[in-house]
Amino acid sequence: MNAEYWIKKLNLQKHPEGGYYRETYRSQDMINQDKSLIRYDNSRNACTAIYYLLLGEEFSAFHKLKSDEIFHFYQGSSLIVHLIDNQGEYSQFKLGNNPDNDEVLQLVIPHSYWFASNVSQPNSYSLIGCTVSPGFDFADFTLGNQEELTTLYPSLTDVIIKLTHS
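Residues numbered from 1 in each chain as written. Predicted model: local features only at pLDDT ≥ 70, side-chain atom pairs only at ≥ 80, totals over all residues. Heavy atoms only, no water.

A. The sheet that holds strand 5 (residues 48-55), seen in detail. Here 6 strands make up an open sheet; going across it, the order is 1-2-5-13-7-11 and the pairing antiparallel. Pairing within the sheet leaves two strands with one partner each, and these edge strands are strand 1 (13-14) and strand 11 (106-109). Direction of pairing for strand 2 (residues 20-26) relative to strand 5: antiparallel, over a ladder of 6 bridges. By the bridge assignment for strand 5, Arg26 is matched with Thr48. (Pairing = 2+ DSSP bridges. Helix = DSSP H or I, 4+ residues; strand = E, 2+ residues; numbered from the N terminus.)

Have a look at this one:
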């Protein structure tokens with residue numbers, strides 16, 4: 001099974017940050033109706049989930065969310081995930097199914113961290129699941145600006161240029 005198989009079989013659509021996706025779950029439970037989570041202006045679904053597929057020659061550009069996100073590995077080559085935490089520290093993880101190669105099956109991305117990803121093998125793909133809690137809303141999504149990020153994190157210029165759109 002190749003990437004085209006999964007794109008068709010799972011009815012995936014293009015995603016604004018790169019890759020393909022389809023929402024598979026949106027909780028009917030709502031949170032923040034009492035404004036207890038101050039980083040949200042309005043109510044949010046308690047949880048959402050998507051399939052996400054990234055082709056080897058593509059990348060998921062640096063972006064951040066107001067919610068925590070959990071990546072789950074399903075199929076294909078490992079996914080290299082790049083994180084910049086709130087103190088500007090960079091880290092890299094491999095999401096995959098080979099723990100002997102330092103790969104993890106799940107990865108938690110804390111809210112407000114910048115993150116991007118690319119497939120480890122250029123002629124392959126990575127199929128993952130993403131669970132967001134509180135649930136995803138495009139109002140909580142910020143796509144990284146190359147100039148702003150390189151100004152904020154000059155020591156990370158190479159990785160930022162590689163994983164943002166100019």
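B. Layout of the pattern of salt bridges. If you walk through the whole model with that rule in mind, you get 4 salt bridges. The partner of Lys14 in a salt bridge is Glu58, with the nearest N and O atoms 3.0 Å apart. Of this pair, Lys14 sits in strand 1 while Glu58 is found in the loop between strand 5 and strand 6 (59-65), placing the two residues 44 residues apart along the sequence. With its nearest N and O atoms 2.7 Å apart, the salt bridge here joins Arg26 to Glu23. In this structure Arg26 comes out as partly exposed when scored by relative accessible area, which is 29%. Residues joined in a network through salt bridges with shared partners are Arg44, Asp137 and Asp140. (Salt bridge = Lys/Arg side-chain N within 4 Å of Asp/Glu carboxyl O. Buried < 20%, exposed > 50% of the residue type's maximum accessible area, 1.4 Å probe, protein only.)

C. Summary view of the nonpolar core. Formed by 20 residues in total, the largest nonpolar core has its most connected members in Phe71, Leu79, Val81, Leu95, Ile109 and Ile128. Within the residue set of this core, elements represented by two or more residues are strand 5, strand 7 (68-76), strand 8 (79-84), strand 11, strand 12 (114-119) and strand 13 (125-133). Those residues in contact with Phe71 that lie beyond four places of it in its chain are Leu79, Val81, Leu95, Leu105, Gln106, Leu107, Ile109, Phe115, Ile128, Gly129 and Cys130. (Core = buried A, V, L, I, M, F, W, Y, C linked by side-chain atoms within 4.5 Å. Contact = heavy atoms within 4.5 Å.)

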